[in-house]
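An overview of the molecular structure
Letter by letter, the chains look like this.
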Amino acid sequence: MTEALPHPAPAKRWAYVIPVAAIMYMLAYLDRNNVSVILPYMHGDLALSNADKGLVGGVFFVGYVFLQIPAAILAQRWSARKTVLILMLAWGLAASLSGLVQTKSQFYVARFVLGLFEGGVWPAVLILLASWFPLRERARANALWMACLPLSSVLMAPLSGWMLDHASWRWVLVFQGLPPLLWAVVWWFTVADRPAQARWISRAEAGHLERALAADEAAKPRTGSGSYLDAVKQRPVLVLIGVYFFWITGFYGFNLWLPSVIKELTHDGSATEVGLLTALPFTVALIVMIANAVWSDRTGRRRQAVAVPLVVGIAALLLGQAVDGALPRMLLLCLTAAALYAPYGPFWAIPGELLRFEVVAVAMGLINALGNLGGFAGPYLVGWLTDATGSSVTGFAVLSAFLAVAVVLVALGLRPAAGPVRRPAGLTAEEGA
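Along each chain, numbering runs from 1 in the same order as the chain's sequence is written. Only residues with pLDDT of at least 70 get local features here, since the model is predicted, and only at 80 or more are side-chain atom pairs given and counted; chain-wide, interface and lining totals rely on the full set of residues. Where side-chain values are given, they derive from all heavy atoms of the structure, hydrogens and water being excluded.

1. Remarks on the environment of Ser391
To keep things clear, this is the line we draw: Helix and strand assignments come from DSSP, with helices taken as H or I runs of at least 4 residues and strands as E runs of at least 2, each series counted from the N terminus. We call two residues in contact when some of their heavy atoms are within 4.5 Å.
Examined against the element boundaries, Ser391 turns out to sit in the loop between helix H18 (374-389) and helix H19 (393-413). The residues touching Ser391, leaving out its near neighbours within four places in the chain, are Leu385 and Thr386.

2. Describing the nonpolar core
Basically, it comes down to this: What we call a nonpolar core is a set of buried Ala, Val, Leu, Ile, Met, Phe, Trp, Tyr and Cys residues that are connected through their side-chain atoms within 4.5 Å. For the exposure calls, accessible area comes from a 1.4 Å probe over protein chains only, and a residue counts as buried if that area is under 20% of its type's maximum, exposed if over 50%, partly exposed in between.
Trp122, Trp145 and Tyr344 are the most contacted members of the largest nonpolar core, which has 126 residues in total. Sort the elements by how many residues they give to this core and helix H12 (residues 235-265) lands first, with 17 residues.

3. Digging into the packing of helix H13 (residues 271-299) against helix H15 (residues 326-341)
When two helices pack together, their arrangement is captured by the angle between the axes and the distance separating the axes. The test is simple: To obtain each axis, a line is fitted to C-alpha atoms, and for helices this fit is confined to the stretch in contact; angles are then taken between N-to-C directions over 0 to 180 degrees. Oblique is the label for any angle not under 35 degrees, not over 145, and not in the 65 to 115 range, which are roughly parallel, roughly antiparallel and roughly perpendicular in turn. Working rule for handedness: look at the near helix, and if it is turned counterclockwise from the far one by less than a right angle, call the crossing left-handed; if clockwise, right-handed. The residue classification treats Ala, Val, Leu, Ile, Met, Phe, Trp, Tyr, Cys and Pro as nonpolar and Asp, Glu, Lys and Arg as charged. All others, Gly included, are polar.
Interhelical geometry of H13 versus H15 gives an angle of 40 degrees and a closest axis separation of 8 Å. The orientation of H13 relative to H15 falls into the category oblique. Our pair here, H13 against H15, has a crossing hand that is right-handed. Across from Leu277, Leu280, Pro281, Phe282, Val284, Ala285, Val288 and Met289 in H13, the residues of H15 making contact are Met330, Leu333, Cys334, Ala337, Ala338 and Tyr341. Looking at the contact of H13 with H15, its residues break down into 14 nonpolar, no polar and no charged.

4. Points about the packing of helix H5 (residues 121-130) against helix H6 (residues 135-146)
Two elements in contact, H5 and H6, have axes whose closest approach is 11 Å; the angle formed by their N-to-C orientations is 140 degrees. Judged by the angle between their axes, H5 and H6 are oblique. The handedness of the crossing between H5 and H6 comes out as right-handed. Each of Trp122, Val125, Leu126, Leu129 and Ala130 in H5 lies in contact with H6, whose residues at this interface are Arg138, Ala141, Asn142, Trp145 and Met146. Its residues assigned to classes, the contact of H5 with H6 comprises 8 nonpolar, 1 polar and 1 charged.

5. Regarding the packing of aromatic side chains
Inclusion rule: Only centres within 6.5 Å qualify two rings of Phe, Tyr or Trp (six-membered ring in Trp) as a pair; their planes then separate them into stacked at under 30 degrees, edge-to-face at over 60, and tilted for everything else. A ring is considered to have a charge above it if a Lys NZ or an Arg CZ atom is located within 6 Å of its centre and within 35 degrees of its normal.
Taken as a whole, this structure holds 29 aromatic pairs when the rule is applied. Seen in terms of ring centroids, Trp14 and Phe133 are 4.7 Å apart; in terms of plane orientation they differ by 65 degrees. Their pairing is edge-to-face. Here Trp14, found in helix H1 (residues 12-38), pairs with Phe133, found in the loop between H5 and H6; they are 119 residues apart in sequence, far enough to count as distant. Centre to centre, the rings of Tyr16 and Trp200 are 4.3 Å apart; their planes meet at 10 degrees, and the pair counts as stacked. Of this pair, Tyr16 sits in helix H1 while Trp200 sits in the loop between helix H9 (179-190) and helix H10 (203-219); the two residues are 184 residues apart in sequence, bridging distant segments of the chain. Taking relative accessible area as the criterion, Tyr16 reaches 31% and is therefore assigned partly exposed. By relative accessible area, which is 13% here, Trp200 ends up buried. Here Arg81 stacks its cationic end above the ring of Trp188, 3.6 Å away from the centre of that ring.

As structure tokens, then:
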């Protein structure tokens, strides 16, 4: 047993690394999801059917696949800080240019390019966090960063709605692509790839933190020869890809069509009204997401922290199609959103527990790349089935089936790898956030 080290793990990393990364990705998520608020108010522009609207939301994730693994490798071997900076500048420009399209084909291409540049950001930031937060804190760190997902919708859905009431959808897209270009300056001067490179913590604190991270690595089993191929051939990694695909199919299918459902509940309310009401489910999701991650870190029960919320989401999604009345349906939308966001922190803590740092980058890139193809399937399925049946009920029932497959994979496929998190020597229960 290693003797506890005298310096606490530096608390400043929670105030420096997490907020800067969260705001950065909040802007990315805004540029990804703003079409969900915009589509109901395009008023026939570009002549988009419901299936076309689903394709607009989904084609983003086709582009999203291509830079996942390259960006993960660059982040791990070169610099997560520099990789994210380059991608941030590229996606900001792509987001603004998407407001200048003249045909639906151009809109598809613009969304594909936006997905291409945003695709590498997620695995690069996960690599960055793995260099700053030991395993016993990883779910909380992930969840606090990933809180930018619902928080972006809480803040930006009303903003997008208000902007739509005062400007065309084209100008909304153009203006909302500019903030990443400004935040890139903050990112460059604030973020460091690892503790030893940061100016805002002492050398003693940085050394302590890096020893804790090294202890995590030493406690992990060797993965065959240590090659990337050995890592991704592991059964738990393949299961995680499946879980993420089926979960994300339901997640983005629900997210893209949520404003349209709320517009229906308000009997074609204004964009501002719909934007404000759309923020409510994501506010609930934000609270539940962080609470679930804290519980997951304290108990080490990653599998339950992923599966149980998804079961609740299935029930709420199905019940929402069966009940009448705006208030009950709104409450169920809040419950569904909370259930679909809650697994994020615990889920992304699992790869770091299974794999050593030198191979986890590619594994996480592959999980995110292939899993996010569900972001294409979900929105398109709901749109296509809505056109085919004249109702969204069938589409949301299919999303529930996808979520059910994710639950089965978690329950049966991750059982051997979902034990309690090992506490590395040198970290006491009081250290951390």
